[in-house]
Amino acid sequence: MNNKLYGNLIFELSHEGRRGYSLPQNKYEHKSSELPATLRRQEKAQLPECDEMTVVRHYTNLSLNNFGVDNGFYPLGSCTMKYNPKINEEMAALPAFQNLHPLQPDHTVEGARTAIAALEHYLCRLTGLAHFTFKPYAGAHGELTGLMVIDNYHRSRGDEKRRKVIVPDSAHGTNPASAAVCGLEIIEVKSTANGLVDLEDLERLVSEEGTNIAAMMMTNPNTLGLFECQIPEIAKLIHDCGGLMYYDGANLNPMLGVCRPGDMGFDVMHINLHKTFSTPHGGGGPGSGPVGVREGLQEFFPVVSPYHGNFAVMMRALAYIVTLGGNHVKEVGPLATLNANYIKESLKDVYELPIDGLCCHEFVFDGLKDKSTGVTTMDVAKRLLDYGYHAPTIYFPLLFHESLMIEPTENESRDTIDGFIAVMRKIAEEAKNDPDLVKSAPHNTPIGRVDDVLAAKHPIVTYRQLLNDAD
Ligand SMILES: *Cc1c(COP(=O)(O)O)cnc(C)c1O
């Protein structure tokens, strides 16, 4: 990495008069005097002036500072940053797909509609639900859509006082947020010491609130990576009081081809195609959060976006499913589960494992085991960057103070995983022998520790603002 160039904005590399291009002579130059003076620029446009090599190197060096699944291990729990097979990209980029216009007449897009129908067919088979809508653009959007289905269903029966949604305290933040956006009220159900939904607490809530309950939202495995084995009992409790079961499908990965939300008693669910079905989704997009429902609920699908949703993401998912095929799809879950358990067991003597036992595709440590060093989860995460690894998810879920959530995914080799384990052990060793080294990490990255609060509260997004601030 060229540290000399990094940190310079393209504007700072500018020299007046430098060019990286030549344009044909402007035939209309003499006509510019015909433009009214008020429309004509009084000062030179503030544009960078650079030669071609400077531009190429500047942007290439910037791109090398980017971290992605294509250049390193990316064990970001909860986000499923898995390998995105290149054939998916080729399929999504077929000219017949890529050049479609959303306003084309239906009879000219039969191929695309057939592809969507094929994807729906596979998702129904994988989830045990009967119909899908592909309009939602991400998981959270899917949650909102699914809750609107549930709300519409209750209203259609004149059951309008069902305004409460039960959400486990371990839930992803989007669950209560989506319920709130849908105008529903959230009641939280506790987890037991072993990280699963507390059935007694749920029974109490159901007996108190029964006729007000619209739905219960759950993810399985839950955000701790633990399989919720009491779903049939939970579903019975909720159904008996007239509520519906919502499945947050963000964690579908380890269940793929092994078990199905529809068979467990869930009525409505979303799938994060960009997680389980391998679409690159760094930096907040692109996503697709199709919502599936049990037979009979499809008439309650709301219109949450125009046209057919995020079509290219859908085609990547279809390519992923079709290239794996029925038999190999069944290996995804067990391999993801094996990889996660292998890392967990290899590190639990040096990292604190608050809930022991088998996990699914991900698990959570509560920081280093040896708390006397003062080295935090943040420090470990920063030190991992020095060794060329993307950090796991940190400080989520909120159930522990020093959460470190690791999800290796199914497609990482034994060598990659062993390399990660070795580095995690090395960092634990450093924390003991030279804690300041870890606390002051990263040392090998272009910039050191950033103040993430400042960056979020006062983002500087324009060069001009930088200039003004310097004044
Ligand atoms: C990622 C995630 C979501 C939100 O999905 P987006 O596609 O990011 O909107 C919801 N629930 C869980 C458990 C998740 O991991």
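Conventions we followed
- Counting of residues starts from 1 at the beginning of each chain's written sequence and follows it residue by residue.
- Given that this is a predicted model, residues contribute local features only at a pLDDT of at least 70 and side-chain atom pairs are listed and counted only at 80 or more, while totals for whole chains, interfaces and linings are drawn from all residues.
- Computation of side-chain values: all heavy atoms of the structure, hydrogens and water removed.
- Numbering of helices and strands runs from the N terminus, with a helix taken as a DSSP run of H or I at least four residues long and a strand as a DSSP run of E at least two residues long.
- Each residue's exposure class comes from its accessible area (1.4 Å probe, protein chains only) as a fraction of the maximum for that residue type: buried when under 20%, exposed when over 50%, partly exposed otherwise.
- We call two residues in contact whenever any of their non-hydrogen atoms come within 4.5 Å of each other.
- Here the open area of atoms and residues is found with the Shrake-Rupley method and a 1.4 Å probe, where only the protein chains shown may cover a residue.
- Positive charges are assigned to Lys and Arg, negative charges to Asp and Glu, while His and the chain termini are left out of the count.
- Each charge is placed at NZ for Lys, CZ for Arg, CG for Asp and CD for Glu.
- Pairing between two strands is assigned when DSSP locates at least 2 bridges connecting them.
- Each residue carries a pLDDT score, the predictor's own confidence in it, on a scale running from 0 to 100.
- Only protein atoms enter the 1 Å grid used here. Points where a 1.4 Å probe fits but cannot escape make up a cavity, open sets with protein on both sides within 12 Å along at least five of seven lines make up a pocket, and a residue lines them when an atom lies within 4 Å of a point.
- Grid points are joined across faces, edges and corners, and a volume is the space filled by probe spheres set on the points.
- We call Asp, Glu, Lys and Arg charged. Ala, Val, Leu, Ile, Met, Phe, Trp, Tyr, Cys and Pro are nonpolar, and the rest, Gly among them, are polar.
- We call a residue near a molecule or strand as soon as one heavy atom of that residue lies within 4 Å of the molecule or strand.
- Counting of polar contacts relies on pairs of N or O atoms within 3.5 Å, with two restrictions inside protein: one atom must be capable of donating a hydrogen and the other of accepting it, and residues adjacent in sequence are counted only when both atoms are side-chain atoms.
- To obtain an axis, a line is fitted to C-alpha atoms, over the contacting stretch when the element is a helix, and the angle between two such axes runs from 0 to 180 degrees between their N-to-C directions.
- The definition of a right-handed crossover adopted here requires that, viewed with the strands pointing away, the path from the first strand over the helix to the second runs clockwise.
- Expected span, for any helix, means 1.5 Å times one less than how many residues it has.

Asker: Would you mind showing me how to read the overall build of the protein chain here?
Answerer: Looking only at helices and strands, the protein chain features 16 helices and ten strands. Across its three principal axes, the protein chain shows a C-alpha extent of roughly 80 × 70 × 45 Å. For the protein chain, with 471 residues in total, the buried portion stands at 45%. When contacts within the protein chain are restricted to residue pairs at least 6 apart in sequence, those whose partners lie at least 24 apart make up 70%. A total of about 23500 Å² of accessible surface is found on the protein chain, and carbon and sulfur atoms cover 55% of it. On the protein chain, the mean spot of the 42 positive side-chain charges and the mean spot of the 59 negative ones are 4 Å from each other.

Asker: Which parts of the structure should I look at to understand the pairing of strand β10 (residues 403-406)?
Answerer: Judged by which residues are buried, β10 turns out to be covered on both faces: Ser403 and Met405 on one side and Leu404 and Ile406 on the other are all buried. Where strand β8 (residues 363-366) and β10 come together, four bridges link them in antiparallel fashion. By the bridge assignment, Val364 is partnered in β10 with Met405. Pairing geometry for strand β9 (residues 393-394) and β10, over two bridges, is antiparallel. The residue bridging Thr393 from the neighbouring strand is Met405, located in β10.

Asker: In this structure, what is going on with the confidence of the model for the protein chain? I would like to understand it.
Answerer: Low-confidence regions, as indicated by low pLDDT, have predicted coordinates that should not be scrutinised in detail. Mean pLDDT over the protein chain: 93, with 96% of residues reaching 70 or higher. A low-confidence stretch, residues 1-6 (pLDDT under 50), is modelled with eleven contacts involving residues beyond four sequence positions or located in other chains.

Asker: Please explain empty space enclosed by the protein as it appears in this structure.
Answerer: Rolling a probe over the atoms, with the probe sized like a water molecule, indicates the empty space that remains. In total, this model carries two cavities of 30 Å³ or more according to the counting rule given. Approximately 80 Å³ is the volume attributed to the largest cavity. The wall of the largest cavity is formed by Leu224, Leu226, Lys344, Leu353, Pro354, Ile355, Gly357, Leu358, Cys359, Phe363, Val364 and Phe400. Across the lining of the largest cavity, the residue classes tally to ten nonpolar, one polar and one charged. Approximately 50 Å³ is the volume attributed to the second largest cavity. Pro168, Ser170, Ala171, Asn175, Met217, Met218, Thr219, Asn222 and Glu228 are the residues that line the second largest cavity. Here the residues of the lining of the second largest cavity sort into four nonpolar, four polar and one charged.

Asker: Is there a simple way to explain the site of the ligand in this structure?
Answerer: Neighbouring the ligand are the residues Ser78, Ala138, Gly139, Ala140, Glu143, His172, Thr174, Asp248, Ala250, Asn272, His274 and Lys275. For the ligand, an oxygen atom lies 2.9 Å from a polar atom in the backbone of Ser78. Lys275 places a side-chain nitrogen or oxygen 2.8 Å from an oxygen atom of the ligand. Those elements that provide at least two residues to the shell around the ligand are α5 (139-156) and α10 (273-276). Sort the elements by how many residues they give to the shell around the ligand and α5 lands first, with three residues.

Asker: Would you mind going over the environment of Leu119 with me for this structure?
Answerer: The topology assignment puts Leu119 in helix α4 (residues 110-127). Spatially, the C-alpha atoms of Leu119 and Met315 are 8.1 Å apart, while their sequence positions differ by 196 residues. Residue contacts for Leu119: discarding those within four places in its chain leaves Phe134, Leu273, Met314, Ala317, Leu318 and Ile321.

Asker: Can you help me understand the sheet that holds β8 in this one?
Answerer: Strands sit in the order β8-β10-β9 across an open sheet of three strands; the sheet is antiparallel. Only two strands of the sheet have a single partner each, and these edge strands are β8 and β9. Contacts from helix α11 (residues 311-347) reach β8 and β10, with the element oriented near 20 degrees to β8.

Asker: Explain unusual backbone geometry to me, please; I cannot follow it from the model alone.
Answerer: Backbone phi values are negative for most residues with the exception of glycine, while trans is the configuration of most peptide bonds. With an omega of -5 degrees, the peptide bond between Phe396 and Pro397 qualifies as cis. Here the amide bond leading from Ala441 into Pro442 is cis, since omega sits at 5 degrees, within 30 degrees of zero. Locating Pro442 in the fold gives a position in the loop between α14 (435-439) and α15 (452-457). Its identity is not glycine, yet Tyr395 carries a phi of approximately 55 degrees, on the positive side. With respect to the element layout, Tyr395 can be found in the loop between β9 and β10.

Asker: Looking at this model, I keep getting lost on the pairing of strand β5 (residues 244-248). Mind explaining?
Answerer: Regular strands have side chains that alternate between both faces of the sheet. Where burial is concerned, most of β5 is hidden: five out of the five residues are buried. Along β5, one buried face is formed by Leu244, Tyr246 and Asp248 and the opposite face, lined by Met245 and Tyr247, is buried too. Between the parallel pair strand β4 (residues 213-218) and β5, the chain is carried across by helix α8 (residues 231-240), and the sense of this crossover is right-handed.

Asker: Sorry, what's going on with helix α13 (residues 414-433) here?
Answerer: Residue pairs three or four apart in sequence face the same way in an α-helix, which turns once every 3.6 residues. Over its 20 residues, α13 extends 29 Å from the first C-alpha to the last, a length consistent with the 28 Å expected when each residue adds 1.5 Å. Against the buried residues of α13 lie α11, α12 (377-386), β10 and α14.

Asker: Just checking my understanding: could you explain the layout of surface pockets for this structure?
Answerer: The volume enclosed by the largest pocket comes to roughly 750 Å³. In this structure, the largest pocket is lined by 27 residues; those nearest its centre are Asn65, Phe67, Leu385, Thr445 and Pro446. Secondary-structure elements contributing two or more residues to the lining of the largest pocket are α1 (52-64) and α12. Counting residues per element, the lining of the largest pocket draws most heavily on α12, which supplies five residues. Considered class by class, the residues forming the lining of the largest pocket number 16 nonpolar, eight polar and three charged.

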